[in-house]
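Read off the chains here:
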Amino acid sequence: MKNIAVIGSGTMGNGIAHVFALKGFKVALVDVSAAALEKAKATIAKNLDRQVSKELISEADKATALSNITTFTETAKGVAQADLVVEAATEKMDIKLEIFRKLDQLTPASCLLASNTSSISITKIASVTSRPDKVIGMHFMNPVPVMKLVEVIRGYATSDEVTKQVLELSRTLDKIPTEVNDYPGFVANRILMPMINEAIYSLYEGVAGVEEIDTVMKLGMAHPMGPLQLADFIGLDVCLSILKVMYDGFGNQKYAPCPLLVNMVTAGKLGIKAGEGFYQYTAGSKELVVAGRFKK
């Protein structure tokens, strides 16, 4: 594999493009928005600068990585020569299915199709293509250039050979891949999201305040970040979507989203990207200002 296409230039997409480009792959970064692509390139350059300052890479490595990335607003042009496409679009089923229908038509027959989905069924995504054996999940963790884990998710029809290729490819990126099967939430979010949801319930039921809940988990369980602040970083709308996928998939009440989470998403309090979630943030940054105020 030499040519990688990444669909979506947001936080996950630009991070995925970053790690592939740094390892010498030619990367086509695709987004419908030219402005989003410019922002993504600036973000990648900034993150590479951070790696240079920490002496993790050289200035030459940075220059080579940036030269390996080409941006496209037309999907057909971006994926025409791809050996692997990694989709990193919004975590919504209908959007992903439409993307994979198009990718199946636009990419070479030998091209592998991967999704960075954090919860949506790979089997369902594969079902809209003519190559379900070549469809797989590559769930990178945020921030992609830093986090080592990649959940490699096998759909019902994903072949052994494709799984082996993607596991080896992940190691080439200096990641540690973990193979999991295709059930709602996979492993990471099946365990993480109920914890976050329970933390929100603890707030909702008045057990403790935002900072108190996060302090208990940081100091008592050695978590680097409390669950409520982590939810802000992930995006409360994303947390809600994942919980809904698991609730619908398993039909188990333990995955039902807390009413406070539903209300906050409805009110647009989505976390860092909105400037307010369980905490308030300095505009345009991740700098935490103060715990927010809540209404049941």
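Residues numbered from 1 in each chain as written. Predicted model: local features only at pLDDT ≥ 70, side-chain atom pairs only at ≥ 80, totals over all residues. Heavy atoms only, no water.

Visitor: Can you walk me through the UniProt feature "domain: 3-hydroxyacyl-CoA dehydrogenase C-terminal" (unreviewed entry) in the protein chain in this structure?
Guide: The positions that UniProt labels "domain: 3-hydroxyacyl-CoA dehydrogenase C-terminal" (unreviewed entry) are, in the present scheme, residues 185–281. Split by type, residues 185–281 is 62% helix and 3% strand. Its first and last C-alpha atoms lie 28 Å apart. (UniProt positions renumbered as here; feature names shortened; annotations may be inferred. Helix = DSSP H or I, 4+ residues; strand = E, 2+ residues; numbered from the N terminus.)

Visitor: For this particular structure, what's the right way to read the pairing of strand β7 (residues 149–154)?
Guide: Remember that side chains alternate between the two faces of the sheet whenever the strand is regular. Most of β7 sits inside the fold, with five of its six residues counted as buried. Where strand β6 (residues 135–140) and β7 come together, five bridges link them in antiparallel fashion. Looking at β7, one finds that Met-138 is bridged to Val-152. For β7 and strand β8 (residues 176–181), the ladder comprises six bridges, and the chain directions are parallel. Residue pairing in the sheet places Arg-154 in a bridge with Asn-181 of β8. Read from β7 through helix α7 (residues 160–172) to β8, the crossover connection turns out right-handed. (Buried < 20%, exposed > 50% of the residue type's maximum accessible area, 1.4 Å probe, protein only. Pairing = 2+ DSSP bridges. Right-handed = clockwise from strand over helix to strand, strands pointing away.)

Visitor: How should helix α10 (residues 227–234) be read in this particular structure?
Guide: An α-helical turn contains 3.6 residues, so a residue and the one three or four places further along point in the same direction. Every buried residue of α10 is accounted for by Pro-227, Leu-228, Gln-229, Ala-231 and Asp-232. In the segment just after α10, Gly-235 is the residue with positive phi, at about 110°.

Visitor: It is not clear to me how the packing of aromatic side chains should be interpreted in this structure. Could you clarify?
Guide: Two numbers describe a pair of aromatic rings. These are the distance of the centres and the angle of the planes. Overall, the coordinates contain three aromatic pairs when judged by the stated rule. Taking the centre distance of 5.3 Å and the plane angle of 85° together, the rings of Phe-20 and Phe-25 count as edge-to-face. Like Phe-25, Phe-20 is buried. When the ring of Tyr-201 is compared with that of Tyr-204, the centres are 6.2 Å apart and the planes differ by 75°; the resulting orientation is edge-to-face. Taken as a pair, Tyr-201 and Tyr-204 lie in helix α8 (residues 188–204) at a separation of three residues, close to a single helical turn. (Phe/Tyr/Trp six-rings, centres within 6.5 Å; stacked < 30°, edge-to-face > 60°.)

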